[in-house]
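The primary structure of each chain is shown beneath.
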Amino acid sequence: MSGFGGASFSPRVKGQPRPEYPPTTSMLKDLFLSSTRVPLVLTVLTYFLQPYWLMLVQCFRELGLNDSGIFTVSTMATHTITYCICNGFYYFLDTHKYLQQYKMHRTPAMEHSGDQFKHTLREAFVSQILLAPFIVYFAFDILLNSSFMQPDEELTDFTTLFFCYVAAKVVNSVGFYWAHRTVHHPALYWIHKQHHSYVGTIGVSAEYAHPIEQLVANQLPIALSVLPLLHPLPTIIWLWERLEQSYQVHSGYAFVGTLPHKLGLTHASGAAFHDFHHTINSGNFSEPWIDWLFGTMDPWLVQGSEEGYLARKDKSEN
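A brief report on the enclosed structure follows. (Residues numbered from 1 in each chain as written. Predicted model: local features only at pLDDT ≥ 70, side-chain atom pairs only at ≥ 80, totals over all residues. Heavy atoms only, no water.)

As for the overall build of the chain
So, step 1. When helices and strands are tallied, the chain shows 12 helices and zero strands.
So, step 2. Each helix and strand of the chain, placed in order from N terminus to C terminus, yields the pattern α-α-α-α-α-α-α-α-α-α-α-α.
So, step 3. For 318 residues, the compact-globule estimate of 2.2 N^0.38 gives 20 Å, and the chain sits close to it at 20 Å.
So, step 4. With the C-alpha coordinates of the chain rotated into their principal frame, the extents come out at 65 × 45 × 40 Å.
So, step 5. When each of the 318 residues of the chain is scored for burial, the buried share is 48%.
So, step 6. Residue pairs in contact within the chain that sit at least 24 positions apart in sequence constitute 77% of those at least 6 positions apart.
So, step 7. Of the roughly 15,600 Å² of accessible surface on the chain, 67% is carried by carbon and sulfur atoms. (Helix = DSSP H or I, 4+ residues; strand = E, 2+ residues; numbered from the N terminus. Rg over C-alpha atoms; globule rule 2.2 N^0.38 Å. Buried < 20%, exposed > 50% of the residue type's maximum accessible area, 1.4 Å probe, protein only. Contact = heavy atoms within 4.5 Å. Areas by Shrake-Rupley, 256 points an atom, 1.4 Å probe, with all protein chains shown as cover.)

Structure follows, in structure tokens:
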């Protein structure tokens, strides 16, 4: 599609009138579902895991770890394990050509190089193993001094925790939208260009970004979103959810129509929405409801939204 480009703060389709946006009722429904479904699942998961978490905390204490050490080890383990399992799964699908009916449209020009892939893995190692533990350790010390609970304190009640997750999701979505949209401004796109060197994204490309972007667009929205959670266990579970979603929406797969998708247990629609952002590189800065609110989904609507985008693969194969 012509008229698109990455360095655009307010993306429009050149030579065409602005498309009609979805009705308010549709977007309010999308906002409600996206802001409640995941928080509900995470709240149930948190209470299920709490007894095992307390046993793990006790084991760490017997090993001599303090609160910051417990949080750091748990957070880093969650990050690395999620990274390996999720991206290992997508790498397996790519190399063995399984579930290719769910692979989104790709052309040879969209594929990454072997050198780029190796460089991405090296950056991930430096970030996750060498740098992040120190940042997390000292960040938790700051949180402990601002009413953040200790690892073995009891959780708040179910309803309060649910709304804490809702607040975390909204804060992260809004924060990421504005940070992401800002680095698409022509004056700042040089910061974001590294991430968009992956045109047809893969899971590991989710965290492949310039250090400034890593801090401002990736880590800062998540850091702000954990403030309502007030407890290490929900914070770690929230981190896991953010990582899993990020890897999935960058994986190149949209599991639309599968049973997990019908049950609301995948990010298939989000994967298509964000994959468009990379392959077309225009608009779709966060989630549909917030791009709708601020009018930054013109190109997405012009090409037919999710149905039209996923149909590109069928058209290219015919």
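That shown, we press on.
A few points about the pattern of salt bridges
So, step 1. With the rule as written, the count across this model stands at eight salt bridges.
So, step 2. Where Asp 67 meets Arg 61, a salt bridge forms, and the shortest distance between an N and an O atom there is 2.8 Å.
So, step 3. Overall, the relative accessible area of 12% leaves Asp 67 in the buried class.
So, step 4. The partner of Glu 287 in a salt bridge is Lys 169, with the nearest N and O atoms 3.0 Å apart. (Salt bridge = Lys/Arg side-chain N within 4 Å of Asp/Glu carboxyl O.)

Observations concerning the packing of aromatic side chains
So, step 1. In the structure shown here, the tally under the stated rule is 20 aromatic pairs.
So, step 2. A ring pair is formed by Tyr 102 and Phe 255, whose centres lie 5.5 Å apart and whose planes are at 55°; its orientation type is tilted. Placement of Tyr 102 in the loop between α2 (67-96) and α3 (114-144) and of Phe 255 in the loop between α7 (232-249) and α8 (259-262) is noted, with a sequence separation of 153 residues between them.
So, step 3. Given the relative accessible area of 22%, Tyr 102 is considered partly exposed.
So, step 4. Ring pairs connect the aromatic residues Phe 89, Tyr 90, Tyr 102, Tyr 253 and Phe 255, which therefore count as one cluster.
So, step 5. When the ring centre of Phe 9 is taken as reference, the NZ or CZ atom of Arg 181 above it lies at 4.2 Å. (Phe/Tyr/Trp six-rings, centres within 6.5 Å; stacked < 30°, edge-to-face > 60°. Lys NZ or Arg CZ within 6 Å of the ring centre and 35° of its normal.)

Considerations on the packing of helix α4 (residues 158-182) against helix α6 (residues 211-225)
So, step 1. With their axes 8 Å apart at the nearest point, α4 and α6 run at an angle of 155° to one another. Relative to α6, the element α4 is oriented roughly antiparallel. In the crossing of α4 with α6, the sense of the turn from one axis to the other is right-handed. Here Ala 168, Val 171, Asn 172, Gly 175, Phe 176 and Ala 179 of α4 come into contact with α6, specifically with Val 216, Ala 217, Asn 218, Pro 221, Ile 222, Leu 224 and Ser 225. (Axes fitted to C-alpha atoms, helices over the stretch in contact; angles between N-to-C directions. Parallel < 35°, antiparallel > 145°, perpendicular 65-115°, else oblique. Left-handed = near helix turned anticlockwise from the far one by under 90°.)

What to know about the packing of helix α1 (residues 24-62) against α2
So, step 1. As a packed pair, α1 and α2 sit with axes 10 Å apart at the nearest point and diverge in direction by 120°. As judged from the angle between their axes, α1 and α2 are oblique. For the crossing formed where α1 meets α2, the hand is right-handed. The segment α1 lies against α2, with Trp 53, Leu 56, Val 57, Phe 60 and Arg 61 engaging Asp 67, Ile 70, Val 73 and Ser 74.
So, step 2. For the contact of α1 with α2, a count of residues per class yields six nonpolar, one polar and two charged. (Nonpolar A, V, L, I, M, F, W, Y, C, P; charged D, E, K, R; others polar.)

Some remarks on the side chain of Glu 213
So, step 1. Counting through the fold element by element, Glu 213 comes out in helix α6.
So, step 2. Buried charge without a partner: Glu 213 forms no salt bridge, and the closest opposite charge is Arg 242, 12 Å away.
So, step 3. Residues contacting Glu 213, with those up to four places away along its chain left out, are Ile 191, His 192, His 195 and Asn 218. (Lys, Arg positive; Asp, Glu negative; His and termini not counted.)

What about the environment of Gln 116?
So, step 1. Structurally, Gln 116 is set in helix α3.
So, step 2. Of the residues examined, Gln 116 reaches a relative accessible area of 13% and is grouped as buried.
So, step 3. On a C-alpha basis, the gap between Gln 116 and Met 55 in space is 41 Å, while along the polypeptide they are 61 residues apart.
So, step 4. Among residues more than four places away in sequence, those in contact with Gln 116 are Ser 197, Tyr 198 and Tyr 208.

A closer look at the side chain of Ser 34
So, step 1. Take Ser 34: it is sitting in helix α1.
So, step 2. When its relative accessible area of 13% is taken as the criterion, Ser 34 is described as buried.
So, step 3. Look past the residues within four positions of Ser 34 in its chain and what remains in contact with it is Pro 39, Lys 169, Glu 287 and Trp 289.

Some thoughts on the nonpolar core
So, step 1. Ranked by internal contacts, the top residues of the largest apolar core, which has 22 residues, are Leu 42, Trp 53, Tyr 165, Leu 229 and Trp 238.
So, step 2. At the level of secondary structure, the elements contributing two or more residues to this core comprise α1, α2, α3, α4 and α7.
So, step 3. Top element by residues in this core is α1. It accounts for five residues.
So, step 4. Core analysis: the second largest hydrophobic core is formed by 16 residues, Cys 86, Tyr 90, Leu 93 and Val 204 among them. (Core = buried A, V, L, I, M, F, W, Y, C linked by side-chain atoms within 4.5 Å.)

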